[in-house]
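If you want the building blocks of each chain, they are given just below.
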Amino acid sequence: MAPIRNAVMTFNEIPTGYPIPGRTTVYDTSQTIDLDTVPLNGGILIKTLVLSIDPYLRGNMRDASVKSYLPAFLIGEPLYNYGVARVVRSENADIKVGDHITGIFNFQEYSVVSDPSRVDMRVIAKSDAPTLPWSVYVGVAGMPGETAYFGYKEYAHAKKGDTIFVSTGAGAVGSIVIQLAKMDGLKVIASAGTDEKVAFMKELGADVVFNYKTEDTLSVLKREGPLDVYWDNVGGAILDAAIESMKDHGRIIACGAISAYNDPRGQHFKPTLLYQNIWQLFARSLTINGFLVRDLMPKWQEEFYRVIPAKLASGEFKYREEITVGLEHAGEALRKIQMGENVAKSVVVVAEE
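Residues numbered from 1 in each chain as written. Predicted model: local features only at pLDDT ≥ 70, side-chain atom pairs only at ≥ 80, totals over all residues. Heavy atoms only, no water.

## Topic: the sheet that holds strand E14 (residues 246-254)
The 6 strands lie next to each other as E12-E11-E10-E13-E14-E15, forming an open sheet whose pairing is parallel. The open sheet has two edge strands, strand E12 (208-211) and strand E15 (287-290), and neither has a second partner. Taken pair by pair, the neighbouring strands of this sheet meet at an average axis angle of 15°, ignoring direction. Direction of pairing for strand E10 (residues 163-166) relative to strand E11 (residues 187-192): parallel, over a ladder of 4 bridges. Within the sheet, the bridge partner assigned to isoleucine 164 lies in E11 and is valine 188. (Pairing = 2+ DSSP bridges. Helix = DSSP H or I, 4+ residues; strand = E, 2+ residues; numbered from the N terminus. Axes fitted to C-alpha atoms, helices over the stretch in contact; angles between N-to-C directions.)

The structure is reproduced here in structure tokens:
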């Protein structure tokens, strides 16, 4: 076979503030690949079908000398994140041609994965949920859903009648937390930044929903709390309000801090807010648990895949997606999610089968 195009989205420039398509990220169609002859070196050749767009990717857009829990993107190299791909060729005995796999893949049409064990790869078994589209496996049936399931199961210690507050409740993580909490009989308070997202949280079964841009978070929590559990996706002033609204011995699950991700001064993960209620952590004997999804995989991943895809396929658990068609538009999808302009879980469809 003659070489074919192998387009890629590369990291071009460290942003100050929000990422800018065409500057922070650049779409390049100059590369080619020969699918029949490209060396695999014991690995696999994949065709990328879908890629996940997640808030945490902003943290990778930093100077490589700044240490964090994930490596920085390298200038001139492809972006990468969780995706779904089809195996085109394989020299790995455990992976067959035609398998559909999830893992951390380059933002590129085709890629050689020399060591699948290093990219959190998993062969998708659709027998339990044959109606789910591949895109769901980078959202509520993928890493974001795992994040919600693992963190809630490990740290919420929820009891029927407890009250939980979920920030960013319309996102892929928050929406699963809401539905898990309702399944356990909790009162759920949830916030988001648009009226459309607020309406979706109501569809999910949340008892109290509000737009944090038009209603004061602390006032809502004082009226509807106090809180046994707070699931934090944002940090900043909303975390501070939640701390003030906790019951004694309450539990805070720290999952993200998007309010600090895009500081225009480049102070990544350095909050501009001085927390006024941090002393409540000891005054009310609060517990705060931060976590990374990979640390809880050995304990909870098999259970997650037994439970969640089936609930999604049956309609018991609801989800929404915002589909962007074309790798060339991935930079704009990244910008939108950082600015909160996406209306649902953001997914880029790179190719069909």
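## Description of helix H3 (residues 195-203)
Within H3, burial applies to Lys197, Val198, Phe200 and Met201. For H3, the arc enclosing every buried residue in end-on projection is 160°, short of the 170-degree limit, so these residues lie on one face. For H3, the elements touching its buried residues are helix H2 (172-183), E11 and E12. Of the residues one or two after H3, glycine 205 is the one with positive phi, at around 110°. (Buried < 20%, exposed > 50% of the residue type's maximum accessible area, 1.4 Å probe, protein only. Arc of directions from axis to C-beta. Contact = heavy atoms within 4.5 Å.)

## Regarding the packing of helix H1 (residues 143-155) against helix H7 (residues 293-314)
Direction vectors running N to C along H1 and H7 enclose 105°, while the axes themselves pass 8 Å from each other. In terms of orientation, H1 and H7 fall into the roughly perpendicular class. When H1 is examined against H7, the residues Met143, Gly145, Glu146, Thr147, Tyr149, Phe150, Gly151, Lys153, Glu154 and Tyr155 are found in contact with a partner set consisting of Val293, Leu296, Met297, Lys299, Trp300, Gln301, Glu303, Phe304, Tyr305, Val307 and Ile308. Tallied by class, residues from the contact of H1 with H7 come to 12 nonpolar, 4 polar and 5 charged. (Parallel < 35°, antiparallel > 145°, perpendicular 65-115°, else oblique. Nonpolar A, V, L, I, M, F, W, Y, C, P; charged D, E, K, R; others polar.)

## Observations concerning the pattern of salt bridges
The final tally for this structure, using the stated rule, is 19 salt bridges. One salt bridge in this structure joins lysine 345 and aspartate 54, with 2.7 Å as the shortest N-O distance. With lysine 345 in strand E17 (residues 345-349) and aspartate 54 in the loop between strand E5 (44-53) and strand E6 (80-90), the pair connects residues that are 291 residues apart, well separated along the chain. Of the two residues examined, lysine 345 and aspartate 54, each falls in the buried class. (Salt bridge = Lys/Arg side-chain N within 4 Å of Asp/Glu carboxyl O.)

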